[in-house]
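Below are the chains, spelled out letter by letter.
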Amino acid sequence: MKLLRYGPKGQEKPGVLDEDGIVRDLSGMIDDITGDTFTGGDLERLDAMDFEDLPEVEGNPRIGPCIGNVGKFICIGLNYSDHAAEAGQTPPAEPIVFMKATTAITGPDDDVEIPRTSQKTDWEVELGFVIGKRAKYVGVAEALDYVAGYCTVNDVSERSFQSERSGQWTKGKSHDTFGPIGPWLVTADEVPDPQVLDLWLDVDGERKQTGNTSTMIFDVATIISHLSQFMTLEPGDVVSTGTPPGVGMGHKPEPVYLKAGQTVTLGVDGLGTQTQKMVQA
């Protein structure tokens, strides 16, 4: 299934994309798409339905984040060896983990704000996944059983806040709108191997990033197992798995960063695309 949420910010309704690409309304079946959707039997009930019997969503509504009520937004840094090289960093021996504020979460096509004092706002296309059941001390072999679904994420970053200000990376990752998620949450049964997915990102129509999840240093199963040794992962938690090369920070001969008025388009194979206009906060 391709689950989604549509409608005004804070008033999103649950929906599903049928086989013909038509958005169908799920609000008569479930209240929202959250972690509870994956633990109370809703997913199995929806999977057994004929979506053509559901009301068609009329018009062209805003698409919101594909998961609501997110408890944790966890990110993995420097998880592609060629991205680590462009950043001048040694590939890590184990996953680099940082948190992104949940207030950064926004819809896949919403405007992205450039912070008031920003000079180095950057882009990062990433494969994201959503936890489907409580995970603690999980082994690698069974780790993928804990994934509810996969989605496209833009881990928008302010590099001077991230690296030139005191503290951890969270400062450069958490501005409002710095976490576009969606458009769809593609259930795990439709993504049999998350390590063979192409990723790409354009700025004003110019290709900046091209990659494939096969070159991740730590795969999805390893990430889940690793995280679950340090914290309990709850249903609805979002994990973003790192970005391939081509970010603005690594542009040669000089870094290139986003400016108000520019448009970023990105996608992950089978998980849908995002389009964001940069605006000044």
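Below is a short write-up of the structure. The structure presented is a predicted model; accordingly, all values stated were derived computationally and were not measured.

## Focus on the overall build of the protein
Stage number 1. Counting its secondary structure elements, the protein contains five helices and 18 strands.
Stage number 2. For 281 residues, the compact-globule estimate of 2.2 N^0.38 gives 19 Å, and the protein sits close to it at 18 Å.
Stage number 3. In terms of overall dimensions, the protein has C-alpha extents of about 55 × 45 × 30 Å along its principal axes.
Stage number 4. Sorting the 281 residues of the protein into buried and exposed places 56% on the buried side.

## Regarding a negative patch on the surface
Stage number 1. On the surface, E19, D20, D50, E52 and D53 cluster together to form a negatively charged patch.
Stage number 2. Relative to the assigned elements, D20 resides in the loop between β2 (13–17) and β3 (23–25).

## With respect to the sheet that holds strand β13 (residues 185–187)
Stage number 1. Strand order across the open sheet formed by nine strands is β3-β2-β1-β13-β10-β9-β16-β4-β5, with mixed pairing between neighbours. Either end of the sheet is taken by a strand with one partner, and the two such strands are β3 and β5 (96–99). Ignoring strand direction, the axes of neighbouring strands in this sheet form an average angle of 30 degrees.
Stage number 2. As paired elements, β2 and β3 share three bridges and run antiparallel to each other. From the neighbouring strand, G15 faces β3, where its bridge partner is D25.
Stage number 3. Along the sheet, helix α5 (residues 220–228) makes contact with β4 (73–77), β5, β9 (125–131), β10 (147–154) and β16 (238–240), crossing β9 at roughly 55 degrees.

## Digging into the side chain of D155
Stage number 1. Inspection of the secondary structure puts D155 in the loop between β10 and β11 (157–158).
Stage number 2. Residues within four places of D155 in sequence aside, it is in contact with F98, K100, E124, E126, K173 and F178.

## Points about the nonpolar core
Stage number 1. Ranked by size, the top nonpolar core spans 48 residues in total, and within it F129, Y150, V220, I223 and L271 carry the most contacts.
Stage number 2. Every element with two or more residues in this core is listed here: β1 (2–6), β4, β7 (112–114), β9, β10, β14 (198–203), α5 and β17 (263–268).
Stage number 3. For this core, the element with the highest residue contribution is α5, accounting for five residues.
Stage number 4. Among residues more than four places away in sequence, those in contact with F129 are V147, G149, Y150, V220, I223, I224, D237, V238, V239 and T241.

## Focus: the packing of aromatic side chains
Stage number 1. Going through the model one piece at a time under the given rule, you end up with one aromatic pair.
Stage number 2. For the cation-ring pair, K2 lies above W184, with the distance from its terminal atom to the ring centre recorded as 5.8 Å.
Stage number 3. The ring centre of Y146 lies 4.7 Å from the NZ or CZ of K133, which sits over that ring.

## Side note on the pattern of salt bridges
Stage number 1. Applying the stated rule across the entire model yields 17 salt bridges.
Stage number 2. R159 is the partner of D122 in a salt bridge, and the nearest nitrogen-oxygen pair spans 2.9 Å. On the criterion of sequence distance, the pair formed by D122 in strand β8 (residues 121–122) and R159 in helix α3 (residues 159–163) is long-range, its members being 37 residues apart.
Stage number 3. With relative accessibility at 4%, the residue R159 sits in the buried group.
Stage number 4. Measuring nitrogen to oxygen at the nearest pair gives 2.3 Å for the salt bridge that ties R207 to D202.
Stage number 5. Because the salt bridges share partners, they merge into one network encompassing K100, D122, E124, D155, R159 and K173.

## Structural notes on the sheet that holds β14
Stage number 1. Strand order across the open sheet formed by five strands is β7-β18-β17-β14-β15, with mixed pairing between neighbours. The open sheet terminates on both sides in strands that have one partner only, identified here as β7 and β15 (206–212). The mean inter-strand angle of the sheet, taken between neighbouring strand axes irrespective of direction, is 20 degrees.
Stage number 2. Across six bridges, β17 lies against strand β18 (residues 272–280) in antiparallel orientation. The residue bridging T263 from the neighbouring strand is K277, located in β18.

Calculation notes
- Residues numbered from 1 in each chain as written.
- Predicted model: local features only at pLDDT ≥ 70, side-chain atom pairs only at ≥ 80, totals over all residues.
- Heavy atoms only, no water.
- Helix = DSSP H or I, 4+ residues; strand = E, 2+ residues; numbered from the N terminus.
- Rg over C-alpha atoms; globule rule 2.2 N^0.38 Å.
- Buried < 20%, exposed > 50% of the residue type's maximum accessible area, 1.4 Å probe, protein only.
- Patch = residues over 30% accessible without salt bridge, like charges linked within 9 Å, V, L, I, M, F, W, Y side chains within 5 Å.
- Areas by Shrake-Rupley, 256 points an atom, 1.4 Å probe, with all protein chains shown as cover.
- Salt bridge = Lys/Arg side-chain N within 4 Å of Asp/Glu carboxyl O.
- Lys, Arg positive; Asp, Glu negative; His and termini not counted.
- Charge placed at Lys NZ, Arg CZ, Asp CG, Glu CD.
- Pairing = 2+ DSSP bridges.
- Axes fitted to C-alpha atoms, helices over the stretch in contact; angles between N-to-C directions.
- Contact = heavy atoms within 4.5 Å.
- Core = buried A, V, L, I, M, F, W, Y, C linked by side-chain atoms within 4.5 Å.
- Phe/Tyr/Trp six-rings, centres within 6.5 Å; stacked < 30°, edge-to-face > 60°.
- Lys NZ or Arg CZ within 6 Å of the ring centre and 35° of its normal.

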